[in-house]
Amino acid sequence: TAPSIIVERVDYEYPAYTGDTPRTVKGLGDVRAIEGTRITIHARANGPIDQAHVDFDANGRRDARMAADGTMARATFELRLREDRVTPRHASYVLRFTNRDGRENRNPVKYAIQVDPDVAPEARIVAPEEKELQVRLDETVAIEVDAIDPDYGLADVRLHGQAHGREVLNQLLLSGKHTGRFTVRYQFTPSAHDLRAGDVMEYWVGASDVRTPQPNTT
């Protein structure tokens, strides 16, 4: 009988910030989960294993050594994306093993890897609607901000303002995890921010999500 090895089950351990419960999928070697998920593959061979490895992208390399015990082998790796934040670091994998007689599995089963990105938050200034607005120094303008994170929640929302290359506004509007849509109205008075007649302030809203260790920022 030709040596063979197949995946019996896959354990998923999701990033802590997602709040998702770990789970196990049996009888399916294809992998799909959010980036940062720790994957543990449990495989069974049809004979005692001498050595076993994970070959990512099925290019003939022995990328990750598997811990072997009798006919069972396991390996753990983390799902990652490339710098474009779309393409998986590895799109597939095969398992390669050598049995106690020194024979290798020649045509390993190829399994797919799909990595879902953590989506960046969305943020916008709802009001004032005008792109440019002239106001008096003592006039109060209501700046309304709307933000949402499509998947796991916002971590913070901040209103920024700059005039003549110096920061005149850095207002924290939200601090701490918030799921769903976040809307807030900030009352802005130019004189309270050391602005003078003739100054032009450019302002914008920034939002970050709860992704760790590096949040998505908009």
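These notes cover the structure that comes with them. (Residues numbered from 1 in each chain as written. Predicted model: local features only at pLDDT ≥ 70, side-chain atom pairs only at ≥ 80, totals over all residues. Heavy atoms only, no water.)

### Topic: the overall build of the protein
Looking only at helices and strands, one finds 0 helices and 16 strands in the protein. Scaling as 2.2 N^0.38, a compact globule of 218 residues should have a C-alpha radius of gyration of about 17 Å, whereas the protein reaches 26 Å, well beyond that. In the protein, which comprises 218 residues, the share counted as buried stands at 41%. In the protein, the share of contacts with a sequence separation of at least 24, taken over all contacts with a separation of at least 6, comes to 65%. (Helix = DSSP H or I, 4+ residues; strand = E, 2+ residues; numbered from the N terminus. Rg over C-alpha atoms; globule rule 2.2 N^0.38 Å. Buried < 20%, exposed > 50% of the residue type's maximum accessible area, 1.4 Å probe, protein only. Contact = heavy atoms within 4.5 Å.)

### Re the packing of aromatic side chains
This model, assessed by the stated rule, comprises 5 aromatic pairs. Seen in terms of ring centroids, tyrosine 17 and tyrosine 152 are 5.7 Å apart; in terms of plane orientation they differ by 85°. Their pairing is edge-to-face. One end of the pair, tyrosine 17, is in the loop between β1 (5–13) and β2 (23–26); the other, tyrosine 152, is in the loop between β12 (141–148) and β13 (154–163), with 135 residues separating them in the sequence. Taking relative accessible area as the criterion, tyrosine 17 reaches 11% and is therefore assigned buried. (Phe/Tyr/Trp six-rings, centres within 6.5 Å; stacked < 30°, edge-to-face > 60°.)

### Thoughts on the pattern of salt bridges
Applying the stated rule across the entire model yields 13 salt bridges. Here glutamate 139 makes a salt bridge to arginine 136, at a shortest N to O gap of 3.9 Å. The partner of arginine 181 in a salt bridge is aspartate 146, with the nearest N and O atoms 2.5 Å apart. Of this pair, arginine 181 sits in the loop between β14 (166–178) and β15 (182–188) while aspartate 146 sits in strand β12, placing them 35 residues apart in sequence. (Salt bridge = Lys/Arg side-chain N within 4 Å of Asp/Glu carboxyl O.)

### Here we look at the nonpolar core
Counting 33 residues, the largest nonpolar core has Tyr12, Ile39, Val54, Met66, Leu79, Tyr93 and Leu95 as the members making the most contacts within it. Contributions of two or more residues to this core are made by β1, β3 (31–34), β4 (38–45), β5 (49–56), β8 (72–78), β9 (92–99) and β10 (110–116). Discounting residues that sit within four places of it in the chain, isoleucine 39 has contacts with Val10, Asp11, Tyr12, Val31, Ala75, Thr76, Phe77 and Leu79. Listed in part, the 19 residues of the second largest apolar core include Ile143, Val157, Tyr186 and Phe188. (Core = buried A, V, L, I, M, F, W, Y, C linked by side-chain atoms within 4.5 Å.)

### Some points on unusual backbone geometry
With omega at 0°, the peptide bond leading from alanine 127 into proline 128 counts as cis. With respect to the helices and strands, proline 128 occurs in the loop between β11 (122–127) and β12. Note the cis peptide between threonine 212 and proline 213, where omega equals 5°. You can see proline 213 is positioned in the segment after β16 (201–209). Its identity is not glycine, yet aspartate 57 carries a phi of approximately 65°, on the positive side. For aspartate 57, the position within the fold is in the loop between β5 and β6 (64–65). Since its relative accessible area comes to 30%, aspartate 57 is described here as partly exposed.

### Structural notes on the environment of valine 7
Position of valine 7 among the secondary structure elements: in strand β1. Valine 7 gets classed as buried once you look at its relative accessible area, which sits at 6%. Between the C-alpha atoms of valine 7 and alanine 197, which are 190 residues apart in sequence, the distance is 71 Å. With residues up to four places along the chain from it excluded, the contact list for valine 7 reads Leu28, Gly29, Ile41, His42, Ala43, Tyr93, Leu95 and Tyr111.

Don't take any of this as a statement about function, it's just geometry.
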